[in-house]
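# Remarks on the overall topology
Listed below, chain by chain, are the residues.
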Amino acid sequence: GAEVVFSVDCTKLKEHFVPGEREFDRIYFNFPHCGRKAGVVKNRELLACFFRSCAEVLAEQGEVHVALCNGQGGTPADQPRREWHNSWQIVAVAAGAGFVLSDVHPFKAETIHGYKCTGYRSQDKSFCVEGALNHVFTRSTPPLCLTPVSCKTQLGSQKVSFQVPQVLVDKINRGFLEVNSSHPVRTIKEKLSAGLSQAFPLQNLSSCLPLLHQGPPDGVCHSSLFWVTLSPGEAPSTEETSQELGNAVWCSHFGQDTDRNVQGGCPIPKQFYLRPSLLPQARAIIPQGAFSPGTLHVLSGPVFRRCRIAPRSTPVFHEMLVVLAVSRGTENSCIQLLVENIKTTTSSLHQAVSGVKPSISLREATSFGTEPNDFAAFECQLGEIQHFLCVGTDPDPSGSCVGVIRTDELKSSELVVVSASLNLDLLAMLLCGISDWRMLWTSDRRFLQQFPEGELRLFKSFSLYPPSYVHDVSFWVADGEEFDEVAFHTLARRVSGEMVISIQLRDSFQQPGTGRRSLCYRVTFQSCDRALGCREAAEMQLRFREEIQQHLGVTLR
């Protein structure tokens, strides 16, 4: 009962079907080949044209199945694997048409009734299909079009608006912790709260936390903060802010996220920044008597920190801060009870998800090491830390810092405040086997579909073996200026829309005689959730070069 159409050009599929018949659920192409002794380049071109043609006739949730002989695809699934330049580079080719590889499995000709593989060198001869693989491609989410966004928040006694830094446009107000959310960060927060409520009376204080702080902050590196400018006419009155203005910090690095505002030929001092932690707000509430001794108070919400690019370095994450006021002399026993409760809940969640008990340790601040992760390093700027909470899972059993424990003495009081700050995003990555923090923020609905009704599961990527593209950039640094790597990385995030996975310093050179300093960085573009083609990556690299020259005052080489 099926309709069979002959002489179909795989590169012009829409020409063979009327508009009402162009919504195919599946398109199969078994062992494509240009014929005779065509090399890998011609066969890549064939696949590129085929995938572009598929994009015109495939249903939104459809699949494209391509079977290739062993080694042709160039993915790690091929055993043995060919050199990349000698393969058909199928994942990169498909990405150019907006497809991601969502599954790959052995091609078993014997299970297909009546199937016979012929066409060896364009002849009626069979060819070897041992080790052949079937590659299943699906549509990627479209590229993000990030338009400027204005956000409203409470600042003191009034409501103000501010321009969201472009690098955070798709991450502001996502509502991951709201009641109707099934996101794993909310599930983990609720599970931890439920466990803690069995040991302590518990109260949530997250509903009234402002997004903005008024600076400058004490002890915090200013280049780690997202400074913002209030919308015209909405800044607090001069009387309210005169003290802060007198102490305001002047940004030394400029970009779209730290705009060069000029008034009378001088930079305008910036005084407002997105909250990098919930701890200052907790410390502000404690003296007001809002904290009941013996009650565990829970604050949670997204916090924002400019940082270098790395798989677990997050410019925004969800913090869960638990605060407990106890009598002086009992703080150590309270810390032990608090930590044991967190460890028990975390261990139980990890065993339920993966069946394996994780390694959870509490490390003294003095023995943590010289190279803590970005989360721990920033926490050290906020004040003295007694302990680091580390969770170790395969393939990193040594542990990654996901929380810090502090104690603060209250002046004129017999109370000591014990607080624990937890990075819910890092916990979600470790518990659910998510290797890249960017996946937590994907707009692809296939992510949340894996966590129905807030159930925690091991995450299975819907974009396998994403292609990566390596570009180098070298430049002269302005004389007498220290190069700000954090600003450099932040520009890369903004220009690429978080498509840069790695930035490595390859070479540092000082010119004899002049003393000029040159830096060379290797920038690797790779997406974790959507298609990224080589042409798009090259365009990002060109824009990145323009931006660093314009905003960081360097001279390109």
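Residues numbered from 1 in each chain as written. Predicted model: local features only at pLDDT ≥ 70, side-chain atom pairs only at ≥ 80, totals over all residues. Heavy atoms only, no water.

The following threshold applies: UniProt positions are given in the numbering used here, feature names are shortened, and annotations may be inferred rather than shown by experiment.
An unreviewed UniProt entry annotates the chain as phenylalanine--tRNA ligase of Mohoua ochrocephala. On record in UniProt, under Subcellular location (unreviewed entry), the comment for the chain is "Mitochondrion matrix". As its UniProt record puts it under Sequence similarities (unreviewed entry), the chain is described as follows: "Belongs to the class-II aminoacyl-tRNA synthetase family."

### Things to note about the packing of helix H3 (residues 184-197) against helix H6 (residues 331-354)
To keep it simple, the criterion reads: Lines fitted to C-alpha atoms define the axes here, with helix axes fitted over just the stretch in contact, and angles between the N-to-C directions of these axes take values from 0 to 180 degrees. Each helix is a run of H or I in the DSSP string that is no shorter than four residues. Each strand is a run of E no shorter than two, and both are numbered from the N terminus. When describing relative orientation, an angle under 35 degrees is termed roughly parallel and one over 145 degrees roughly antiparallel, while 65 to 115 degrees is termed roughly perpendicular and anything else oblique. Note on convention: the crossing is left-handed when the near helix lies turned anticlockwise from the far helix by less than a right angle, right-handed when the turn is clockwise. The contact definition used throughout considers only heavy atoms, calling two residues in contact when any of these lie within 4.5 Å. When residue character is reported, Ala, Val, Leu, Ile, Met, Phe, Trp, Tyr, Cys and Pro are called nonpolar, Asp, Glu, Lys and Arg charged, and the others, Gly included, polar.
Their axes nearest at 9 Å, the elements H3 and H6 cross at an angle of 135 degrees. With respect to their mutual orientation, H3 and H6 come out oblique. Of the two possible hands of crossing, H3 and H6 adopt the one that is right-handed. Here Lys191, Leu192, Gly195 and Leu196 of H3 lie close against H6, whose contacting residues are Leu338, Asn341, Ile342, Thr345, Thr346 and Leu349. Its residues assigned to classes, the contact of H3 with H6 comprises 5 nonpolar, 4 polar and 1 charged.

### Section: the packing of helix H10 (residues 485-496) against helix H11 (residues 534-551)
Interhelical geometry of H10 versus H11 gives an angle of 140 degrees and a closest axis separation of 9 Å. One element, H10, and the other, H11, form an angle in the oblique class. Seen along the crossing, H10 lies across H11 with a hand that is right-handed. Touching Phe488, Leu491, Ala492, Arg494, Val495 and Ser496 of H10 are Met540, Arg543, Phe544, Glu547, Ile548 and His551, all from H11. Class assignment for the residues of the contact of H10 with H11 results in 7 nonpolar, 2 polar and 3 charged.

### Re the sheet that holds strand S8 (residues 212-214)
The line we're drawing: In short, DSSP must find at least two bridges between two strands for them to pair.
Within the open sheet, the 3 strands sit side by side as S8-S12-S9. Their pairing is antiparallel. Pairing within the sheet leaves two strands with one partner each, and these edge strands are S8 and strand S9 (227-228). Pairing of S9 with strand S12 (residues 272-274), which is carried by 2 bridges, proceeds in the antiparallel orientation. Bridge pairing links Trp227 to Tyr273 in S12.

### Here we look at the sheet that holds strand S3 (residues 99-106)
Taken together, the 4 strands give an open sheet; going across it, the order is S1-S2-S4-S3, and neighbouring strands pair in mixed fashion. Where the open sheet ends on each side, the last strands, each with one partner, are strand S1 (24-30) and S3. The mean angle between the axes of side-by-side strands here comes to 20 degrees, regardless of whether they run parallel or antiparallel. With 6 bridges joining them, S1 and strand S2 (residues 58-68) adopt parallel strand pairing. Residue pairing for S2: Arg26 is matched across the bridge by Glu63. The sheet strands contacting helix H1 (residues 40-54) are S1, S2, S3 and strand S4 (133-139), and the helix crosses S2 at an angle near 155 degrees.

### Focus: H1
Note that an α-helix has 3.6 residues per turn; residues three or four places apart therefore point the same way. Note the threshold: Here a helix's expected span is defined as the number of its residues, less one, multiplied by 1.5 Å. Remark: exposure states derive from per-residue accessible area (1.4 Å probe, protein chains only) relative to the maximum for the residue type, with buried under 20%, exposed over 50%, and partly exposed in between.
Between its terminal C-alpha atoms H1 stretches 21 Å, which fits the 21 Å expected from 15 residues at 1.5 Å a residue. Among the residues making up H1, those that are buried are Val40, Asn43, Arg44, Leu46, Leu47, Ala48, Phe50, Phe51, Ser53 and Cys54. Buried residues along H1 sit against S1, S2, helix H2 (90-95), S3 and S4.

### Describing the pattern of salt bridges
Counted only if it meets this: Within this document, salt bridges are pairs made up of a side-chain nitrogen of Lys or Arg and a carboxyl oxygen of Asp or Glu, the two lying within 4 Å of each other.
Under the definition given, this model contains 19 salt bridges. Its salt-bridge partner being Glu485, residue Arg308 comes within 3.1 Å of it at the nearest N-O pair. With a gap of 177 residues between them, Arg308 in the loop between strand S13 (296-304) and strand S14 (316-327) and Glu485 in helix H10 connect regions that are remote in the sequence. Among the residues examined, Arg308 registers a relative accessible area of 39% and is labelled partly exposed.

### Brief notes about the side chain of Asp170
Formally: The term polar contact refers here to a pair of N or O atoms within 3.5 Å; inside protein, the definition further demands a hydrogen-donor-capable atom paired with an acceptor-capable atom, and it admits residues adjacent in sequence only when both atoms are side-chain atoms.
For Asp170, the location among the structural elements is in the loop between strand S6 (158-163) and H3. At a separation of 3.1 Å, a polar atom in the side chain of Asp170 contacts the side chain of Lys171. Those residues within four positions of Asp170 in sequence are excluded, and the remaining contacts are Leu144 and Leu146.

### Examining the nonpolar core
As a reminder of what qualifies: Joining through side-chain atoms within 4.5 Å is the link that ties buried Ala, Val, Leu, Ile, Met, Phe, Trp, Tyr and Cys residues into a set, and such a set is a nonpolar core.
Grouped together as the largest cluster of nonpolar side chains are 90 residues, with contacts concentrated most on Phe162 and Leu338. If one sorts the elements of this core by residue count, S14 sits on top with 9 residues. Once you skip the residues sitting within four places of it in the chain, Phe162 turns out to touch Val149, Ser150, Cys151, Thr153, Leu211, Leu212, Val228, Thr229, Leu230, Ser231 and Leu274. Counting residues in hydrophobic clusters, the runner-up holds 26 residues, among them Phe488, Ala492, Ile503 and Phe544.

### Observations regarding the pairing of S4
S4 sits mainly inside the fold: 7 of its 7 residues count as buried. Across 6 bridges, the pairing between S2 and S4 is antiparallel. When the sheet's bridge partners are listed, Val64 is paired in S4 with Phe137. By the bridge criterion, 7 bridges tie S3 to S4 in an arrangement that is antiparallel. In the strand pairing of S4, Asp103 is matched with Val136.

### Some thoughts on H11
Selection rule: The reported arc concerns the directions from the helix axis to the C-beta atoms and nothing else.
The first and last C-alpha atoms of H11 sit 26 Å apart over 18 residues, in line with the 26 Å expected at 1.5 Å per residue. Within H11 the residues assigned to the buried category are Ala537, Met540, Gln541, Phe544, Glu547, Ile548 and His551. In a view along the axis of H11, the buried residues occupy a sector of 130 degrees, so they form one face of it. Among the exposed residues of H11, those oriented more than 90 degrees off its buried face are Arg535, Leu542, Glu546 and Gln550. Looking at the buried side of H11, the elements it contacts are strand S19 (469-476), H10, strand S21 (517-525) and strand S22 (555-556). Backbone geometry just downstream of H11 places Gly553 in the positive-phi region, at approximately 65 degrees.

### Quick look at the layout of surface pockets
Rules: Any residue with an atom within 4 Å of a point lines the site, the site being either a cavity, points on a 1 Å grid over the protein atoms alone where a 1.4 Å probe fits but cannot get out, or a pocket, an open set with protein on both sides within 12 Å along at least 5 of 7 lines. Grid points are joined across faces, edges and corners, and a volume is the space filled by probe spheres set on the points. Boundary definitions for the domains trace back to an automatic or database domain assignment.
Put simply, the largest pocket is a space of about 650 Å³. Surrounding the largest pocket, 32 residues form its lining, Ala92, Val93, Gly96, Gly533 and Cys534 being those nearest its centre. Only H1, H2 and H11 provide two or more residues apiece to the lining of the largest pocket. Of the residues contributing to the lining of the largest pocket, the split by class is 15 nonpolar, 9 polar and 8 charged. There are two domains that each give the lining of the largest pocket at least three residues, and those are domain 1 (13-139) and domain 3 (469-556).

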